[in-house]
Amino acid sequence: MSSFDETDAFEGASLAARAMAARPAPYLDDLNPAQREAVEALDGPVLMLAGAGTGKTKALTTRLVHLLNTGRARPNEILSVTFTNKAAREMKLRVGRLLGETVEGMPWLGTFHSICVKLLRRHAELVDLKSNFTILDTDDQLRLLKQLVQAAGIDDKRWPARQLAGVIDHWKNRAWTPDKVPAGEASAYDGKGVALYRQYQERLRELNAVDFGDLLLHMVVIFQNHEDVLKQYQRWFRYILVDEYQDTNVAQYMWLRLLAGGHKNICCVGDDDQSIYGWRGAEVGNILRFEKDFPGATVVRLEQNYRSTPHILAAAGGVISGNKGRLGKELWTEVDEGEKVRLIGHWDGEEEARWIGEEIESMQGGTRGMRPFSLDEMAILVRASHQMRAFEDRFLTIGMPYRVIGGPRFYERMEIRDAMAYFRLVVSPADDLAFERIVNTPKRGLGDKAQQKIQVAARQNGVSLLEGAAILLEEKGLSGKGAAELGRLVEGLRRWGRMAGDPSMSHIELAEVVLDESGYTEMWQNDKTPEAPGRLENLKELVKALEGFENLQGFLEHVSLIMDNESEEQGEKVSIMTLHAAKGLEFPAVFLPGWEDGLFPSQRSMDESGLKGVEEERRLAYVGITRAEELCTISFAGNRRVYGQWQSQMPSRFIDELPEDHVEVLTPPGLYGGGYGSAGLGGSGIESRAAEADGYNSPGWRRLQARAGQRPLSQPRESKASVIDAQAVSSHTVGERVFHQKFGYGAILGIEGDKLEIDFEKAGVKKVVAKFVSGADDIPF
DNA sequence: TGTCATCATCTTTTT
DNA sequence: GATGATGACA
C-alpha cells in the first residue's frame, strides 16, 4: 500500500536507478511487434491505442521498466498516472516483478488524485490553503452546499443541493474557477449557480478544505499562475505515462499538457472505444486529438487480442461499429473459434436471475458440451447497481456464494463516517463539518434549536463550532440534559486531543477510547436493528485498519483518497459488479443481464446526452462483451419492476446490433416450449430457433406463471453448498428465532430440506438456505 | 426533543 | 422497494 512518505520523492535515487545503467533487456522478447514499438519509442509523444485485451498494461509496465533500464530516468523522475488505485497497485506489482525487486522508489506512480494531493500539500499556500487541508467526501460536500443553498433563501426542494453539486463538479472538471465559468452557463441552477460556486469555494477556503475536483483544479491554477513552480516539475518529471487516457477530463488534460510542455516525453495509453466516463467529465476528444496536440507523435495500435475468442470479438466489434468518429481498430486473435455469444430472453427480472443462477450451477459441472467453470471464473455484469439486488436475493436463496465488487464502499458507510468524524475532530478541533456530523450522534438531546445556538455563538465570536459550543456553555446558554451532554462532549474532545499529543498512547488505543467514551459504540450495541451487528463489526475493522499507520492523521489522509474496499475474502465465488467496475477485468464466462431499452442503454443517458449518450452506452456494451474470454451470455427480460412498478420492456437496441453469425439464441427454460413472440426478439433480426412458438402468451407460459409460486426454486444439483446445508438443517426447529445476515431477525415457519421458510420482522416471509441463518442469540461479534 | 407514520422521489455509472 | 423529508404526537 502506498504511503504518503514524501521524503525521498525528490531526493536521490533510492534503489533501482543506481544499478540501472543500460542492462540487457530480455523483457522485450516477450512482446509482439506493436507492443515492442510502443515500448521502444521512449522519447517524444507517444499514443498507444490499445484495444481490449491487447496487453496494454504489459506494454505500459514494460515501457516503464525500459525507461529505468536504459538509464533515461530514475524511478522518482517518472510520473505515471492511473485512474484507480487498483490500476496503480497493479502497475507497481508488475513493474516490481519485471525488475525483480519491490518498487518502493516509485513515489509518482498513482492516481491523478493522490498525486495531486502530494503536490498540493507542498504548494497549498499558493491557493490560500494550509498544507494540512482536509479532503471532503461527497457527504460533507453536500451538507456544506445545502447550508449555502438554504442561507441563500433558495427552495431546496425545487433546486436540490445535489444538482448544484453536479453543476459545480461539472465546472471543476473543465478547470473553470468561479471567474472562468463562461457566460453561457449563467442560467445554471436557477441563475444562482456561479454565485453559489463562489461562496462554496470561499467556505472551503475558510474551512481549509478541498473537494475532489479541487485537487486537480488547484494544481492547474498553480501551474498556470506560477511559472517557476511549473518549470520545476517539468524538469523533474522527465517522462510521463498516462493510463486510460480516454477517461481524462479537461482539468486532467490541462494538467498533463502543462507538465509535459517542456520535453513532451509523454506516453498516453487508451482506447477510445472504452471511454465510459463521459458523465464524469471525461472527454473522448482528448484522445481523438492527441496527434494535433503533440505534432509528430508516434501512434501505435495494439490490435492483437489475447483474451477472447473470435466470436466474442466479432460480437463486440459489431456493436461498437455503430459508433461514429472512432479512431478505428480491428481486433484479431489467433485462438480457436469457441462458443458463440449466447442470447436469451426471459419473462421477467426474477426469471432471469433464476436462470442465470441455475446456469451457473450447471456450468460448474460442465454443460452443453462445455468445460466446467469454477465460480471464480464467472461474473455477472450489470448496467446499474440496483440490478444486483435480484441476483443477491436469488443467490442467497439457493446458497450460491457470490461477491459484490465495488458495492457500497466501506468508507462510505454511515458508521465509518461517524467514527471518522470523531477522529477528524480529535485531530483538528476546528473541523466544523465533522462537528456538525456528530454533535448529536449518539443522541445527546441537542436538536435543531440547540445546534443553532452553537452556530450563533461560534459566528459571533468568530471561532469554530467546537469553541462556540464551549463559549455557549460558559455563558449558560443551554440548560438541562443538552447542556450536560454537550459539556461532556466538549470535555471529551479536549481530553482526546491531549491524548493524541501523548506519545505514550498509541493511536489505536486512542481510537478505541474515543469511540468508547463518546458513547458511539454503545449506541450501536443498544441498537436492535439487523444492521447493528454488522456496523459494530465494521467499526472493529476500522480500528484494525489503523494498524497500518503511524497516527490518526496519516490514516485520515489515506482514507480520503482510497475509497475502495479491498476485502478480498477467499473462497470460490461468482462476482457481481457494474459494467463500469468491470473495466480492466476479465473472466472466462460473463453474464450480461438486463439488455433492455431504457435500462441499457439507460433512459437517463439518452435523455441527457442524446446520441452521445447512446454512443457511450454502446461503448459500455463493448466493454461488457470484451470482458469475456470464452463465453458471453447476454439476456433480457420482457417485464421488470421499475420503481416498484411493473413495466414491460423492449429488448435493447444493442441486441439488434449483434452480428447474427456470432450469436446463438438459447431457448428459454421451462415447460412451455419457449420462443420469443411478443415480448421477445420480435424485430431484432435474429432468427430464434423457437421462433414459431407463440412465446409469452402461450397457455404453457401462463400455466407456468400460475405455478411459479409453488415450483421448486431450483433443481437440486450436486453443489458443494447443498451438501453442507443438508448437515446444517437439523440444528433448527420450527418457531425458533433466528438471525440472517441480510434479512435480520425472524421466526422459522417451516423447514423444507436445506431451506428454511422464515417470517422476518423487517423483510417478510422468505425462503432461505439454512447456512445463512444463525440462532438469534449467537450472533457473531 | 425524539419517535412514528405518511408521502414523495427516486436510480446510472465514481476518483 | 427504499430512502429521505415532513408533520403530528408523546
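Residues numbered from 1 in each chain as written. Chains lettered and ligands numbered in written order. Predicted model: local features only at pLDDT ≥ 70, side-chain atom pairs only at ≥ 80, totals over all residues. Heavy atoms only, no water.

Draft legend 1. Quick look at the sheet that holds strand β8 (residues 298-302). Taken in spatial order, the six strands make up an open sheet running β3-β2-β6-β7-β1-β8, and their pairing is parallel. Every other strand in the sheet has two partners, leaving β3 (109-111) and β8 as the edge strands with one partner each. Strand after strand, the sheet turns through a mean of 15° between neighbouring axes, direction not considered. Two strands pair when backbone bridges link them, and strand β6 (residues 239-242) and strand β7 (residues 266-270) are joined in this way by three bridges, in the parallel orientation. By the bridge assignment for β7, I240 is matched with I266. Its contacts with the sheet place helix α3 (residues 85-99) against β2 (78-82) and β3, and it is angled at close to 165° to β3. (Pairing = 2+ DSSP bridges. Helix = DSSP H or I, 4+ residues; strand = E, 2+ residues; numbered from the N terminus. Axes fitted to C-alpha atoms, helices over the stretch in contact; angles between N-to-C directions. Contact = heavy atoms within 4.5 Å.)

Draft legend 2. Expanded view of the protein's contact with DNA strand B. If you check the shell around DNA strand B, you find 22 residues, and the closest are H113, R383, S385, R604 and Y643. Restricting attention to atoms of DNA strand B within 4 Å of the protein, one finds that 53% of them are sugar or phosphate atoms. At a separation of 3.4 Å, a phosphate oxygen of DNA strand B approaches a polar side-chain atom of T578. Between a base oxygen of DNA strand B and a side-chain N or O atom of H580, the distance comes to 3.5 Å. At the level of elements, α18 (448-461) and α26 (603-626) are the ones that each hand at least two residues to the surface near DNA strand B. (Near = heavy atom within 4 Å. Polar contact = N/O pair within 3.5 Å; in protein donor to acceptor, adjacent residues only side chain to side chain.)

Draft legend 3. Broad picture of the protein's contact with DNA strand C. Looking at DNA strand C, the residues that line it are K146, R389, Y643 and G644. Near the protein, within 4 Å, the atoms of DNA strand C are sugar or phosphate in 44% of cases. In this structure, R389 approaches DNA strand C through a side-chain N or O atom, which is 3.3 Å from a phosphate oxygen. Y643 is positioned with one of its backbone polar atoms (N or O) 3.0 Å from a base oxygen of DNA strand C. Grouping the constituent residues of the surface near DNA strand C by class yields one nonpolar, one polar and two charged. (Nonpolar A, V, L, I, M, F, W, Y, C, P; charged D, E, K, R; others polar.)

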